[in-house]
Amino acid sequence: MKSFFLFLGLLCAMLAGTPEAQAAKRIKVAFTNFPEHPQGVAFAMFKKELEARSNGAFKVDLIDSGKYGNPDSIVKGLQMNVLQIGAESTSNFSVFDPRLMLFDIPYLFPSYEAADLVLDGEVGKELGRGLEKNGCINLGYMEIGFRQIFSTRPVATLEEGRGLKIRVTPSRMHIAIIKALGMNPTPMAWGEVFTGLQQRTVEGIDVDINLGWFWRFYEVTKHVTLSRHFYTPHMVLISKRFLSSLSPEEQQLIRDVMSECIREQRKLSRQNEKRFLEKFQTEWGMTIHDLSPAERERWIEATSKVPDEFGDAVPPALLEQVREAFRQAGMDRKS
């Protein structure tokens with residue numbers, strides 16, 4: 001009988017060491033977009049892959065559509081480890097590190113390839129360390145994309161856009177860009193934008209093509225101007241307290257899976273743009289205004305002095321580092 005109980009004790013000890021017998025480590029992930037948005041699709045992929053490849057050692061809960069709260073709530077949640085992963089735009093996280101306003105600089109990024117060069121290079125890594133003091137570790141950058149103008153009237157030139165009452169975020173840089181373009185910046189809460197366009201409280205909004213589709217702005221606007229006046233990524237942050245509680249192998253698994261999901265997210269976001277632009281025209285009768293090269297140069301020139309107003313937030317040396325990286329890669333606008 002004694003040997004039986006000894007065997008039983010050994011068996012229980014062995015089973016306790018298996019992933020199935022241990023309580024799964026829970027990862028709450030908060031993000032701002034719909035499940036159908038490329039960001040939501042990527043986080044669903046993260047959940048599926050991490051749970052499978054960890055043999056159930058991790059359980060991922062997704063909190064979509066901004067349900068967790070504002071950027072400050074996300075950072076506080078990560079600090080306290082009541083939230084394990086959170087994603088928000090660099091624009092919104094710039095209150096914690098003003099250098100992130102780099103991504104709000106008008107016409108800095110000439111292409112998606114140039115954006116990748118920065119996000120995945122030394123500048124992206126350096127900026128990613130900016131919230132470590134807040135207990136947040138950067139896992140990489142998902143993509144929202146280039147901002148375009150959805151409007152109730154045509155805007156194919158600077159003159160046509162003059163006085164356009166357009167919704168903006170409270171960002172000082174965002175407001176300065178819209179003013180420089182001769183438009184009328186109107187701060188408005190995101191949840192009020194659709195109704196504002198419907199009731200003509202505002203005449204336009206600048207968002208990326210994916211958000212324009214998923215928020216159904218094609219129902220309340222008739223025109224899309226492909227202005228591409230600035231590029232917005234989303235930082236994917238993980239709680240430092242949570243990450244440090246994991247083994248090196250677990251940490252690497254999370255990093256690897258997230259990196260794969262980020263690559264897929266950017267790919268899907270860019271594929272969607274072509275598809276949605278076609279749908280805007282064929283299904284919703286919208287008019288697409290793609291600025292001519294000469295007109296685009298006018299928009300670039302109109303906003304060229306905006307960065308000078310924010311030298312205290314975005315160090316000129318950092319800005320020059322980005323521009324030099326583009327020149328070295330043959331990606332600057334003059335190449």
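Scroll up to find the structure this text is about.
These numbers were taken from a predicted model, which means no experiment stands behind them. (Residues numbered from 1 in each chain as written. Predicted model: local features only at pLDDT ≥ 70, side-chain atom pairs only at ≥ 80, totals over all residues. Heavy atoms only, no water.)

Caption draft 1: Region of the structure containing the sheet that holds strand β6 (residues 165–168). Spatial ordering of the open sheet is given by β7-β6-β8-β5-β9-β11, a layout of six strands whose pairing is mixed. Where the open sheet ends on each side, the last strands, each with one partner, are β7 (184–187) and β11 (287–290). Averaged over all neighbouring strand pairs, the angle between strand axes comes to 30°, with direction disregarded. Here strand β5 (residues 148–151) runs beside strand β8 (residues 204–207); their pairing, made up of four bridges, is antiparallel. Bridge assignment links I149 to a residue of β8, and that residue is D206. Relative to β11, helix α12 (residues 248–282) is tilted by about 130°, and along the sheet it contacts β5, β9 (223–226) and β11. (Pairing = 2+ DSSP bridges. Helix = DSSP H or I, 4+ residues; strand = E, 2+ residues; numbered from the N terminus. Axes fitted to C-alpha atoms, helices over the stretch in contact; angles between N-to-C directions. Contact = heavy atoms within 4.5 Å.)

Caption draft 2: Local environment of the sheet that holds strand β4 (residues 136–146). Reading across from one edge, β2-β1-β3-β10-β4 is the order of the five strands in this open sheet, with mixed pairing throughout. The two strands at the open ends of the sheet, each matched to only one other strand, are β2 (58–63) and β4. The average undirected angle you get between the axes of adjacent strands in this sheet is 20°. Both strand β1 (residues 25–30) and β2 contribute to a ladder of six bridges, which runs parallel. Counterpart to K25 in the pairing with β2 is F58.

Caption draft 3: Region of interest: the environment of M80. Mapped onto the secondary structure, M80 falls in helix α3 (residues 71–80). Looking at M80, the relative accessible area reads 51%, which means it is exposed. (Buried < 20%, exposed > 50% of the residue type's maximum accessible area, 1.4 Å probe, protein only.)

Caption draft 4: View of the packing of aromatic side chains. Going through the model one piece at a time under the given rule, you end up with 20 aromatic pairs. On the basis of an interplanar angle of 45° and a centroid distance of 6.1 Å, the ring pair of Y218 and F280 is categorised as tilted. Of this pair, Y218 sits in the loop between α10 (209–214) and β9 while F280 sits in helix α12, placing them 62 residues apart in sequence. In terms of burial, Y218 and F280 fall into one category: buried. Each residue in the set F34, F150, W190, W213, F214, W215, F217, Y218, F276, F280 and W284 is aromatic and connected to the rest through ring pairs, giving one cluster. (Phe/Tyr/Trp six-rings, centres within 6.5 Å; stacked < 30°, edge-to-face > 60°.)

Caption draft 5: Spotlight on the layout of surface pockets. The calculated volume of the largest pocket comes to roughly 880 Å³. Lining the largest pocket are 30 residues; nearest its centre among them are E88, S89, N92, R167 and T169. Looking at the lining of the largest pocket, the elements with two or more residues in it are β3 (85–89), α4 (90–93), β8 and β10 (231–239). Looking at the lining of the largest pocket, its residues break down into ten nonpolar, 14 polar and six charged. (1 Å grid on protein atoms, 1.4 Å probe; cavity = no way out; pocket = protein on both sides within 12 Å on 5 of 7 lines; lining within 4 Å. Points joined across faces, edges and corners; volume = space filled by probe spheres on them. Nonpolar A, V, L, I, M, F, W, Y, C, P; charged D, E, K, R; others polar.)

Caption draft 6: Here's a closer look at the nonpolar core. Residues F93, L102, F109, L127, L131, M183 and W299 are the most contacted members of the largest nonpolar core, which totals 54 residues. Once you skip the residues sitting within four places of it in the chain, M183 turns out to touch I149, V155, G161, G163, L164, I166, I178 and W299. In this structure, L50, F58, V60 and I137 belong to the second largest nonpolar core, which totals 25 residues. (Core = buried A, V, L, I, M, F, W, Y, C linked by side-chain atoms within 4.5 Å.)

Caption draft 7: Local environment of the packing of helix α5 (residues 112–119) against helix α14 (residues 316–328). As a packed pair, α5 and α14 sit with axes 10 Å apart at the nearest point and diverge in direction by 125°. Classified by the interaxial angle, the pair formed by α5 and α14 is oblique. Read as a crossing pair, α5 and α14 show a hand that is right-handed. Listed contacts from α14 to A114, L117 and V118 of α5 are V322, A325 and F326. Partitioning the contact of α5 with α14 into residue classes produces six nonpolar, no polar and no charged. (Parallel < 35°, antiparallel > 145°, perpendicular 65-115°, else oblique. Left-handed = near helix turned anticlockwise from the far one by under 90°.)

Caption draft 8: Broad picture of the environment of A24. With respect to the element layout, A24 can be found in the loop between α1 (2–16) and β1. Given a relative accessible area of 32%, A24 falls into the partly exposed group. In the structure, A24 is positioned 123 residues away from R147 in sequence and 40 Å away in space, judged by C-alpha atoms. Sequence-distant contacts of A24, that is, excluding residues within four places in its chain, are made with G56, A57, F58 and K59.

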